[in-house]
Amino acid sequence: MLGIFGKIFGTKNDKEIKKYIKRVVLINALESKYQAMSDEEIQSAINDIKDSIQNNEKTLDEVLNEVFAIVRESSVRVLKMRHYDVQIIGGLVLNDSRIAEMKTGEGKTLVGTLPVVLNALTGKGVHVVTVNDYLASRDAIELEPLYNFLGLTVGALTGDIPSDEQRKEIYNSDVVYGTNNEFGFDFLRDNMAYELEEKVQREHYFVIVDEVDSILIDEARTPLIISGPTNHKSDNYVRSNEIALKLEKGERIEPTKADEKVIMTGDFYVDEKNKSVLLTDEGVLNAEKLFEVDNLYSLEHAGLSHHLDQALKSNFIFEKDVDYVVQNNEVVIVDEFTGRLSEGRRFSDGLHQALEAKEGVQIQDESQTLADITFQNYFRMYEKLAGMTGTAQTEATEFAEIYDLDVVSIPTNVKVLRDDRNDLIFKSDREKFDAVCLKIKEYSEKGQPVLVGTASIEKSEYLHKLLKERKVPHTVLNAKQHEKEGKIVEDAGLKGAVTIATNMAGRGVDIKLPPECIELGGLAIIGTERHESRRIDNQLRGRSGRQGDVGESQFYLSLEDNLLRIFGSDKIAGIMERLGIEEGEHIESGMVTRAVENAQKKVETMHFESRKHLLEYDDVANAQRKVIYQFRSDLLNKEFNIDDKIDDNIKEYTSTTIANAQEISATPMIEDFDFDNVVTKLKEELNLEISKDDIVAEDMDNVSAKLLTILKDSYSAKMSVAVEEQRKEIERILYLQILDNAWREHLYSMDTLKTGIGLRGYNQKDPLVEYKKESYNMFIELIASIKYEIVRILFTVQLRDEEAEKRELEALKAKMEESNAQISTNKEEKRVEIKKKIARNEPCPCGSGKKYKLCCGRSGPKKGLLAQ
């Protein structure tokens, strides 16, 4: 129905494109003006525009047409590439903080230069986010001549730049290319710095996220975490793994009639849809026997149930060479969407240690979160956020709800000629892969290049083995060949090339075809399995048919594929049975392809809810993070008035101390006030000795006033040994240390709270509401504890008076010199005395107290003073 109305009245997207076309006409009208200018005149024009923006004489919108026209003409001169009208539309969409959906090969990299230059003229810096270091370096190097021509600097932020000075220099560039991880981790590290100069990032003004669906959706379920060693250690991973393997896997049998109950067999069953493992009652009893405990879920054994749950997941849900690989005696995560290794990332909640126990590699220490943020909340910090991708419409709802981003589909410059065929469905994996191998061999013998997409490393290596047996030359691209990725993908369009790639490996790299391959039918795409997300399948298809090239794509599926087995095979299996499909035969129909897409929609909805759920919880932590990071940033600023802050904390400490003493008094009357409690508390907490008489007064207000005066005077006296600049630096550093330690412990408590909050649902309470309430109370306690701790530390810290120490040292030196002079004089005197005749039994003149004959008058080597 929507399609019919769309054809009659035009879709919302069509209306948006028409609006942008009007502006493209205005930009095109300026082309001849700038074509007639010399290079110097163009550079002078862009500088004049830059000055007018930075002096607030003009807005970006007022100069947009001129800037876009200048960038287009400059690109023709410097890069020998002219922006098509559809690329200008893409640039306009990005500048409006929207997502430009552009098909593969439409030149998204060049599109980005238009809004990048416009927004970089503000001097605030523009960030362009790519999916890997290779693309960040490539784009920065290729586009640097254009940016330099227009007076802008550019930098590439990659993982091999360790120095903070170098990173800071890159961030000070007008345009910075880098990966989402580099930008995110630098933000977290900046908020752990102890000096303002150590921070590398500038403000978060404008960001363009390339392959926006991959970064803002696929990777959004994994937060960025900087972790450190923890005191909370456990040695139950190996034991839990052994016990998990002793338990019997069962199944959940759903009732077929209304009066029947669910039957659960064995010790546990695996819920593949939700990727969880559930213990049966029998399983709990067996686990308790194996752990030798009475109650697996009691408070003292709560950790055991958690470790067992992770051990079961690691053995029965997570697969080697699918979800992770073992490399250099370490478990390394494989990104499920890109097929790349996620170096440095670890599964949280003890799952990574459980996998290490399963694989028999060294179990690394548990870590504690020092700083964390989700990609959603990091990118929402930018004043302007925009994105580019070939596939976004299927996730348009999520982009709108989470990021407030509209998706606009940009028309292709040339009509797409690729032939997207219906799926072929086989009964078994074996039959499917046999058919895939036959098809690949057919393409190879013909010389037509073919790109084969697999869902995991395991499947790509299985197909590699089959093709090797059939003597079909081919190249494998998966997480294990990450370094050669770009080159392998570029060569995938050559005559006779057969390339096997996991999912979206090589994303962002164009596959260009020589003319002879276009004559052979262009690039053929074979998908060996449907991904859970339609977007990933569309990305694979989109590798073929760029810029009007011919091409074809087809997916080969089996009823044993995870997607069909878990989410949609009953209906399809029924169709196959009715049609009487024999061994090696397949079905191909639009109805079956639609059934597969419906199964994908189910999974996409489930993952959207999962990401939304994660964000709802992280939004709570994010509000707290903003408060802590803002205060931390204030502390780093030398202009921040720390005196007022410490004054406020001392006042709060005073009122809390008085209030606590009042609580334990018999009545609120002044005569019943427990003065001794206050005196004792000051001695214990602040190492401050006062007497009861110092704070006795006729009413509580005067007691508070007296105590506050004593604390302020005492603190001033303590700090008077340091000059003002030193004092402020001491206060600032101590405040930062206390803040960081408290925040770290708070994050650990929040993690613990989140782990168990789901159980509140059994008590008919909304876990999210409960989490918000609990975390708010914890945050209030955190702030109170930071204020208390800074007062306690500042009063008890021992300061050295360097000037006094210097004076003491000078006095000591003078005394020693005087003493040495005296000793020398004594030596001379005693030597003179010794020249006289001394009786052997007289006391020795050296002052030892011994007789002369037993001291300096002994024969042989001389001892004592005269021997010196």
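For the structure, check the block above.
In this report, we go over the structure that sits alongside the text. Computed from a prediction, not measured in an experiment: that's the story for all the values here.

Quick notes on the rules
Residues numbered from 1 in each chain as written. Predicted model: local features only at pLDDT ≥ 70, side-chain atom pairs only at ≥ 80, totals over all residues. Heavy atoms only, no water. Axes fitted to C-alpha atoms, helices over the stretch in contact; angles between N-to-C directions. Helix = DSSP H or I, 4+ residues; strand = E, 2+ residues; numbered from the N terminus. Parallel < 35°, antiparallel > 145°, perpendicular 65-115°, else oblique. Contact = heavy atoms within 4.5 Å. Nonpolar A, V, L, I, M, F, W, Y, C, P; charged D, E, K, R; others polar. Buried < 20%, exposed > 50% of the residue type's maximum accessible area, 1.4 Å probe, protein only. Polar contact = N/O pair within 3.5 Å; in protein donor to acceptor, adjacent residues only side chain to side chain. Core = buried A, V, L, I, M, F, W, Y, C linked by side-chain atoms within 4.5 Å. Salt bridge = Lys/Arg side-chain N within 4 Å of Asp/Glu carboxyl O. Patch = residues over 30% accessible without salt bridge, like charges linked within 9 Å, V, L, I, M, F, W, Y side chains within 5 Å. Areas by Shrake-Rupley, 256 points an atom, 1.4 Å probe, with all protein chains shown as cover. Lys, Arg positive; Asp, Glu negative; His and termini not counted. Charge placed at Lys NZ, Arg CZ, Asp CG, Glu CD.

Here we come to the packing of helix 24 (residues 590-636) against helix 28 (residues 724-757). Between helix 24 and helix 28, whose axes approach to 11 Å, the crossing angle comes to 175°. It follows that helix 24 is roughly antiparallel to helix 28 by the angle criterion. Residue-level contacts link Tyr617, Ala621, Gln624, Arg625, Ile628, Tyr629, Phe631, Arg632, Leu635 and Leu636 of helix 24 to Arg732, Tyr735, Leu736, Leu739, Asp740, Trp743, His746, Met750, Lys754 and Ile757 of helix 28. The residue makeup of the contact of helix 24 with helix 28, split by class, is 13 nonpolar, two polar and five charged.

Okay, the side chain of Thr391 next. The residue Thr391 is located in the loop between strand 14 (384-389) and helix 17 (396-403) in this model. Residue Thr391 is classed as buried on the basis of its relative accessible area, which comes to 7%. Polar contacts involving the side chain of Thr391 include one to the side chain of Gln539, which spans 2.9 Å.

For the rest of this paragraph, the subject is the nonpolar core. Counting 82 residues, the largest nonpolar core has Leu216, Phe379, Phe399, Leu682 and Leu711 as the members making the most contacts within it. The element best represented in this core is helix 28, accounting for eight residues. Once residues lying within four places of it in the same chain are set aside, the contact partners of Leu216 are Phe379, Leu385, Phe399, Tyr403 and Leu405.

Further remarks concern the pattern of salt bridges. Counted according to the given criterion, the structure contains 47 salt bridges. Linking Arg380 and Asp619 is a salt bridge whose minimum nitrogen-to-oxygen distance equals 2.7 Å. Of the two residues, Arg380 sits in the loop between helix 16 (375-379) and strand 14 while Asp619 sits in helix 24, which places them 239 residues apart along the sequence. By relative accessible area, Arg380 is classed as partly exposed at 33%. One salt bridge connects Lys432 with Asp429, and the closest N-O pair in it is separated by 3.5 Å. Taken together, the residues Lys432 and Asp429, both in helix 18 (residues 429-446) and three residues apart, mark about one turn of the helix. Per residue, the accessibility class of Lys432 equals that of Asp429, and both read buried. Sharing partners across several salt bridges, the network here consists of Asp429, Lys432, Lys459, Glu529 and Asp561.

Attention shifts here to a negative patch on the surface. The grouping of Asp164, Glu165, Glu197 and Glu198 at the surface amounts to a negative patch. Secondary-structure assignment places Glu197 in the loop between helix 10 (180-190) and strand 5 (206-210). Residue classification places Glu197 among the exposed residues on the basis of a relative accessible area of 53%.

Take it as geometry only, folks, not as evidence of what the structure does.
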